[in-house]
Amino acid sequence: MRIAQVAPLHESVPPRLYGGTERVVSWLTEELIRQGHHVTLFASGDSHTRGTLISTWPTALRLDPSNPEPNSLHVLQMEEVFRRAAAFDVLHFHVDSMHLPLARRTNTPVLTTLHGRLDMPGLAELYSEFEDLPIVSISKAQRRELPEANWIGTVYHGLPLDTHAPSYEPGQYLAFLGRISPEKRPDRAIEIARRSGVPLRIAAKVDPVDRAYFSSIEPHIDGSFIRYVGEVTEAEKGDFLRGALALLFPIDWPEPFGLAMIEAMACGTPVIAFRAGSVPEVIDEGLTGRIVDTVEQGVACVDEARNWDRRRCREVFERRFTARRMAYDYGQLYERVRRHGWRQSS
């Protein structure tokens, strides 16, 4: 099958540092190629793929010192994609909604995966207007705010088996991985660490919009018991997660998926996660970690973590969250929109 994967330009594919959506697009692209498909990746010019790379801008926008205007460059990207649309059997978009008006006007089947939160004003009206276009969720929880949208499937994220080697020995610290922001609640992670007596390491990026929040928690980061290590590369991430007793995932928002949870499982590291968004779908309670509702419950789980079977975490990852399974699930949806007509909900 001739497949176009269309990624945001904010990060390269795969990203050098933080970047969940772009990382998933990379894993999906490379696995589809491994399975024999012909894949063209539309992404920033510093991306890497075994397929064909088409770029309208040379550098990931977040790391571009010229500070380019992102909407303009995404419009250029959409023009390039639809100029070439007839060359593909399916166009798979990961860029939210900018492509929707053009998608309605092409004869090539289109599929859109929504990677973000959907509880913001205006989205219900948008997807009501474009109810003829098929969309995919990354968890069932993600759909709750837009129950009437044209959902045709849910595909959980997956990563290659060899991305992270597991460790089956309990680590020496608690880990927080991702992004410093109010909804990710690193303050909860700090409190759990202090009350449990287990050190915390924070590997995360700080977006400009979250610098004020970071300033509010920075006084609690002492460089020893509570350490901020910044953004980590893919190789550093594996070492970071393998060395942890548990990953803390103390979110306070409707998390659409939570890639860090399955990355931890791949390393054999259990997860202590707050009950929100996709967490109950991703975590197998008592098997790959614990789902909690309070900091007190989180502290109690830290005491249990040394006795959890890390091999079971890896086994669940291999069964539920691999790139091979993800690519297969998307392949089924590609065939579905080709066979049954992609403008009609089914």
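Parameters at a glance
- Residues numbered from 1 in each chain as written.
- Predicted model: local features only at pLDDT ≥ 70, side-chain atom pairs only at ≥ 80, totals over all residues.
- Heavy atoms only, no water.
- Pairing = 2+ DSSP bridges.
- Helix = DSSP H or I, 4+ residues; strand = E, 2+ residues; numbered from the N terminus.
- Axes fitted to C-alpha atoms, helices over the stretch in contact; angles between N-to-C directions.
- Contact = heavy atoms within 4.5 Å.
- Disulfide = S-S within 2.5 Å.
- Buried < 20%, exposed > 50% of the residue type's maximum accessible area, 1.4 Å probe, protein only.
- 1 Å grid on protein atoms, 1.4 Å probe; cavity = no way out; pocket = protein on both sides within 12 Å on 5 of 7 lines; lining within 4 Å.
- Points joined across faces, edges and corners; volume = space filled by probe spheres on them.
- Nonpolar A, V, L, I, M, F, W, Y, C, P; charged D, E, K, R; others polar.
- Parallel < 35°, antiparallel > 145°, perpendicular 65-115°, else oblique.
- Left-handed = near helix turned anticlockwise from the far one by under 90°.

Participant: Help me understand the sheet that holds strand β11 (residues 244-249) in this model?
Facilitator: To summarise the sheet geometry, strands pair through backbone hydrogen bonds and adopt either a parallel or an antiparallel arrangement. Across the sheet, six strands lie side by side as β10-β9-β8-β11-β12-β13; this open sheet has parallel pairing. Of all strands in the sheet, those bounded by a partner on one side alone are β10 (226-228) and β13 (289-292). Strand-to-strand twist in this sheet, taken as the mean axis angle between neighbours without regard to direction, amounts to 20°. Both strand β12 (residues 271-274) and β13 contribute to a ladder of four bridges, which runs parallel. Residue pairing in the sheet places Phe274 in a bridge with Val292 of β13. Those strands touched by helix α5 (residues 186-196) are β8 (173-179), β9 (200-205), β10, β11 and β12, and its axis lies near 175° from that of β8.

Participant: What exactly am I supposed to notice about the state of the cysteines here?
Facilitator: Joining two cysteines, a disulfide is a covalent bond between their sulfur atoms. This structure, assessed with the given rule, holds zero disulfides. Free of any disulfide, Cys267 has its nearest cysteine sulfur in Cys313, 10 Å distant. Here Cys267 falls in the buried class, since its relative accessible area comes to 0%.

Participant: Help me understand the layout of surface pockets, please; the structure alone is not making it clear to me.
Facilitator: If a probe as big as a water molecule is rolled over the atoms, it shows which places are left empty. The volume enclosed by the second largest pocket comes to roughly 180 Å³. Trp27, Glu30, Glu31, Arg34, Arg50, Pro160, Leu161, Glu318, Thr322, Ala323 and Arg324 together form the lining of the second largest pocket. Of the residues forming the lining of the second largest pocket, the biggest block, four residues, is contributed by helix α1 (residues 20-34). Residue composition of the lining of the second largest pocket, grouped by class: four nonpolar, one polar and six charged.

Participant: What is the right way to read the packing of α5 against helix α10 (residues 295-305) from this model?
Facilitator: Geometrically, a packed helix pair is captured by the angle between its two axes and the distance between the axes. Between α5 and α10, the shortest axis-to-axis distance is 9 Å and the interhelical angle comes to 50°. Relative to α10, the element α5 is oriented oblique. Two packed elements cross with a definite hand, and for α5 against α10 that hand is right-handed. On the side of α5, the interface is formed by Arg188, Glu191, Ile192, Arg195 and Ser196, while α10 contributes Val295, Glu296, Gly298, Val299 and Val302. A class-by-class count of the residues in the contact of α5 with α10 yields four nonpolar, two polar and four charged.

Participant: What is the right way to read the sheet that holds strand β4 (residues 90-93) from this model?
Facilitator: Sheet architecture is open: seven strands sit in the order β3-β2-β1-β4-β5-β6-β7, paired in parallel fashion. Two strands close off the open sheet at either side, each with one partner strand: β3 (52-54) and β7 (151-154). Adjacent strand axes in the sheet meet at a mean angle of 25°, parallel and antiparallel pairs treated alike. Those strands touched by helix α2 (residues 70-83) are β1 (2-6), β2 (38-42), β3 and β4, and its axis lies near 160° from that of β4. Lying over the sheet, helix α12 (residues 323-340) contacts β1, β4, β5 (110-113), β6 (135-137) and β7, oriented at roughly 140° with respect to β5.

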